[in-house]
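Listed below, chain by chain, are the residues.
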Amino acid sequence: MKNLSDLHKELTRLDGKPYGAYRDLTGATYDLGAGVEFTLDRAQVDPYAPPSLAHLHVPFDLSAYQERGEKVAAADYFTRAFDRAAKSSRDINIGRIGQQVLERTTAEVYEDHLLLRFTVGLPAAGRRIKGHLAASILTETLPEVVEGVRGVDKQALERHVVLYRDQEWLRAQLPELGLVAFVGEGAVLPRRSGDSDEPLAEAVPFAAPPTLRREVTLPSGRTLTGMGVPEGVTVIVGGGYHGKSTLLRAIERGVYPHIEGDGREWVVTRPAAVSVRAEDGRAVSGADISAFINNLPSGEDTTAFSTTNASGSTSQAANLVEAIEAGADALLIDEDTSATNFMIRDERMRALISADREPITPFVDTVRALYRDAGVSTVLVAGGSGAFFSVADHVIALDAYRVADVTERAHELGGEPPQEAGEFRPGAPRVPTGLSAPGKRKPAGAKGRTLIRYGKTGIDLGPAEQLVDQAQTLGIAHAIDYLEGVLGEVPLRRAVEELEALIDAQGLAALSPRKGHPGLYARPRRHEIMAAVNRYRGLEVR
């Protein structure tokens, strides 16, 4: 095996040569010292292309972390350690790591070693190699980064894994506890700013109202107290800027574990809770929205509804039934991002426009049937209407971020509940006839968190608010490439479940369209994968 000196010599020898000569280094393994091995897997084709892909084998006794969840948590810890150690370098990068703990391709944990994948920008002057600078990056800076990883605080690693294990245990217990979510005492929910996910230092710590206070004992032995958000229909009310949407957003993000210090470590939500909103202009393909929209004046069949330009109410109906098709057991809805005519219709409007002339059955009429017949709970933020008071199981109010249970008073004010819709029946599973994209010659790719490039088409995931990392978006792009080859005979959900089983069996790298280094991406949820497929404008279903 070649060593660090050999790598330095080879890089300086390339100085001034055409940029493509970097490829001479690919595939060779170099001992950086202390048993650490470096391999350049793929060299970028020119200085303006995406950076080169590389990996490290780092000897490390990790035999204590061999359960699947432990591996995810330990890999996340080492990814963050690499990121911190590489902060001083513009050229070595392991991705942008947020507050959530996600399964990533950046690190893999084995009993006796750690595999770390990263990118490196190989320097050039024009299209000529700057070999001496490349030698400095790979033989001086990279070993310093490795030392930062090897010197991690093992007690901090253990705390990180224990925290993850406790969070995931509590998440798995929520159905048995009859809860959609749990919000721990002392949680810090507000963020520093609209474009920052850091906690707000001077925020009011969360305190649970006595009537909703729950206590759990975690596998670590820690006893945790907080507010349980029960199954059924929960309405969150309060004045503007008093924290309603902040609480809902924390519950939305609670489908993921969070790191220590985030403030939302103990905001834990069922993994199949899905945020639903209106989305004017989205494409809809063959969705059964008849439970909410039916008897259109045009006579159009809404049991298999398609459009290239959905209205607010139609898009929200489609988003809701697609979430249920993906397996959602709780819906998270904010009236600020909802279509008013989808959500409610007041008594004066009902008196003026008779029910047989209104094709929209408002959500307030169906929300109880949704829970009764399909077992799907709803957590709803309402600041401008009390229409849901009479159908709510629980109503909680926020006043300057302080929470109170106001269910009894809300029921007194709510009056008679509206006439419920009939039985809620989910639509038949849709079978996409294919995902082919005209002009598609390359694998699908991601541009930031919100956009997937699929052939000549873009898939907009901006409204998918529980998608938290652009690395997940790239994971969705790879998932779509995989689904392109298998769809046509099986329902979409079944195809995605089979893909999830493949990842569970073979690891997240199984998604990659490339052999060897898979690239840097994170595991998305089933719900966002299906949301992306559903928004593809070329989708056809039967």
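Going by what an unreviewed UniProt entry lists, the chain is known as Putative ATPase of the ABC class and is assigned to Corynebacterium lowii.

Undergrad: Mind laying out the overall build of the chain, listing which residues take part and the relevant values?
TA: In terms of regular secondary structure, the chain is built from 13 helices and 28 strands. Here the C-alpha atoms of the chain give a radius of gyration of 26 Å, agreeing with the 24 Å that 2.2 N^0.38 yields for 542 residues. Over its C-alpha atoms, taken along the principal directions, the chain stretches across nearly 85 × 55 × 35 Å. Here the analysis covers contacts within the chain between residues at least 6 apart in sequence; of these, 71% occur between residues at least 24 apart. For the chain, the accessible area works out to roughly 23,500 Å², and carbon and sulfur atoms hold 48% of it. With 62 positive and 74 negative side-chain charges, the chain shows a spacing of 6 Å between the two charge centroids.

Undergrad: Explain a nonpolar patch on the surface residue by residue, including any values.
TA: Together, M349, L352 and I353 line one region of the surface with nonpolar side chains, adding up to about 280 Å² of accessible area. With respect to the element layout, I353 can be found in the loop between helix 8 (347-352) and helix 9 (363-374). Taking relative accessible area as the criterion, I353 reaches 30% and is therefore assigned partly exposed.

Undergrad: Residue-level account of the pairing of strand 15 (residues 233-238), with values.
TA: Of all six residues that make up strand 15, five are buried, and the element is covered over most of its length. With four bridges joining them, strand 15 and strand 21 (residues 377-381) adopt parallel strand pairing. Across the sheet, the residue bridging to V233 is T378, located in strand 21.

Undergrad: Run through helix 9, naming residues and quoting values.
TA: Note: α-helices contain 3.6 residues per turn, so residues at a spacing of three or four share the same orientation. All of the buried residues along helix 9 are F363, V364, D365, T366, V367, A369 and L370. Lining the buried residues of helix 9 we find strand 15, helix 6 (312-325), strand 20 (330-334), helix 7 (340-343), helix 8 and strand 21. Once helix 9 finishes, G375 follows within two positions and takes phi at roughly 70 degrees, a positive value.

Undergrad: Give a detailed account of the sheet that holds strand 27 (residues 457-460), specifying residues and quantitative values.
TA: Paired through backbone hydrogen bonds, the strands of a sheet run either parallel or antiparallel to each other. Ordered in space as 25-26-27, the three strands form an open sheet in which the pairing is antiparallel. Bordering the open sheet on either side are strand 25 (445-447) and strand 27, each of which pairs with just one other strand. Direction aside, neighbouring strands of the sheet carry axes that sit 30 degrees apart on average. Here strand 26 (residues 451-454) pairs with strand 27 via four bridges, running antiparallel. Note that in strand 27 the partner of I452 across the bridge is I459. Seen against the sheet, helix 11 (residues 470-484) touches strand 25, strand 26 and strand 27 and runs at an angle of roughly 30 degrees to strand 26.

Undergrad: Please give an account of the UniProt feature "domain: MRB1590-like C-terminal" (unreviewed entry) in the chain that cites residues and values.
TA: Per the UniProt annotation, the sites labelled "domain: MRB1590-like C-terminal" (unreviewed entry) are residues 446-542. Within the segment residues 446-542, helix and strand shares are 41% and 12% respectively, and the terminal C-alpha atoms sit 28 Å apart.

Undergrad: Quick rundown of the side chain of T407? Include the residues and the values.
TA: Position of T407 relative to the elements: it lies in helix 10 (residues 407-414). Note on T407: relative accessible area 11%, which makes it buried. Here T407 is in contact with D393, H394 and V395, once residues within four sequence places are set aside.

Undergrad: Describe the environment of H478, naming the residues involved and giving the relevant values.
TA: One can find H478 in helix 11. C-alpha separation for the pair H478 and V541, spaced 63 residues apart in sequence, amounts to 21 Å. Ignoring anything within four residues of it in the chain, the contact list for H478 reads A444, L511, S512, P513, P518 and Y521.

Undergrad: Give a detailed account of unusual backbone geometry, specifying residues and quantitative values.
TA: In this structure, A34 is a non-glycine residue whose phi angle is positive, near 60 degrees. Assessed through its relative accessible area of 52%, A34 is described here as exposed. You will see that Y241, though not glycine, has its phi angle at about 70 degrees, which is positive. Position of Y241 relative to the elements: it lies in the loop between strand 15 and helix 5 (244-253).

Undergrad: I'd love a proper account of the pairing of strand 14 (residues 223-230), names of residues and values included.
TA: It is a general feature of regular strands that their side chains alternate between the two faces of the sheet. For strand 14, the buried fraction is high: six of the eight residues fall into the buried class. As paired elements, strand 10 (residues 179-184) and strand 14 share five bridges and run antiparallel to each other. Bridge pairing links F182 to G228 in strand 14. Sheet topology places strand 13 (residues 213-217) next to strand 14; five bridges connect them, and they run antiparallel. Along strand 14, the bridge assignment pairs R214 with G226. Counting the residues between successive antiparallel strands, the hairpin from strand 13 to strand 14 contains five residues, one of them, G221, with a positive phi of roughly 100 degrees.

Reading the values: rules and limits
- Residues numbered from 1 in each chain as written.
- Predicted model: local features only at pLDDT ≥ 70, side-chain atom pairs only at ≥ 80, totals over all residues.
- Heavy atoms only, no water.
- Helix = DSSP H or I, 4+ residues; strand = E, 2+ residues; numbered from the N terminus.
- Rg over C-alpha atoms; globule rule 2.2 N^0.38 Å.
- Contact = heavy atoms within 4.5 Å.
- Areas by Shrake-Rupley, 256 points an atom, 1.4 Å probe, with all protein chains shown as cover.
- Lys, Arg positive; Asp, Glu negative; His and termini not counted.
- Charge placed at Lys NZ, Arg CZ, Asp CG, Glu CD.
- Patch = residues over 30% accessible without salt bridge, like charges linked within 9 Å, V, L, I, M, F, W, Y side chains within 5 Å.
- Salt bridge = Lys/Arg side-chain N within 4 Å of Asp/Glu carboxyl O.
- Buried < 20%, exposed > 50% of the residue type's maximum accessible area, 1.4 Å probe, protein only.
- Pairing = 2+ DSSP bridges.
- Axes fitted to C-alpha atoms, helices over the stretch in contact; angles between N-to-C directions.
- UniProt positions renumbered as here; feature names shortened; annotations may be inferred.

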